[in-house]
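As a plain string of letters, each chain reads:
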Amino acid sequence: MSGKTKFTSVLRILAGPAAILLAALVLTLAVENLSHGSTAEGRGRLEDAVRRAAVTCYASEGLYPPTLAYLEEHYGVQVDESRYTVFYEVFAENLMPDITVVENEGA
């Protein structure tokens, strides 16, 4: 067997496992990217829900809710506290509260 033929045989043998490893790597990266995207989307949806509930409260009661707990109790806002932390800061009853949602570490 010549050197060129031997080299070609080795390449053919290694091509199958290399293709499988490459496909596994691509799949792993795709799943990780999808997971990151859905987490960011969930954070955005929660922040929008809290903001909409606060505006609804202002429209119906004439003042913004004093706490996040008030929104949870009276307007049905649900926060998955194992995944997100919501910072809800009220300045005055007639000013929109500062609402920030952050993802918890390891969530």
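Let me sum up the structure you'll find in this document.

Reading the values: rules and limits
Residues numbered from 1 in each chain as written. Predicted model: local features only at pLDDT ≥ 70, side-chain atom pairs only at ≥ 80, totals over all residues. Heavy atoms only, no water. Helix = DSSP H or I, 4+ residues; strand = E, 2+ residues; numbered from the N terminus. Buried < 20%, exposed > 50% of the residue type's maximum accessible area, 1.4 Å probe, protein only. Contact = heavy atoms within 4.5 Å. Salt bridge = Lys/Arg side-chain N within 4 Å of Asp/Glu carboxyl O.

### Quick look at the environment of Thr100
Now for step 1: Within the element layout of this structure, Thr100 appears in strand β2 (residues 98–103).
Now for step 2: Thr100 sits in the partly exposed class, given a relative accessible area of 31%.
Now for step 3: C-alpha of Thr100 to C-alpha of Asp48: the two residues are 52 residues apart in sequence and 10.0 Å apart in space.
Now for step 4: Ignoring anything within four residues of it in the chain, the contact list for Thr100 reads Glu47, Thr85, Val86 and Phe87.

### What about the pattern of salt bridges?
Now for step 1: Under the criterion given, the structure shown has 2 salt bridges.
Now for step 2: Salt-bridge contacts for Glu47 lead to Arg43; the nearest nitrogen and oxygen are separated by 3.3 Å. Of this pair, Glu47 and Arg43 both sit in helix α1 (residues 3–61), 4 residues apart, which is roughly one turn of that helix.
Now for step 3: Among the residues examined, Arg43 registers a relative accessible area of 31% and is labelled partly exposed.
Now for step 4: Exposure remark for Glu47: the relative accessible area of 17% places this residue in the buried category.
Now for step 5: Overlapping salt bridges, with partners in common, bring together Arg43, Glu47 and Arg51 in one network.

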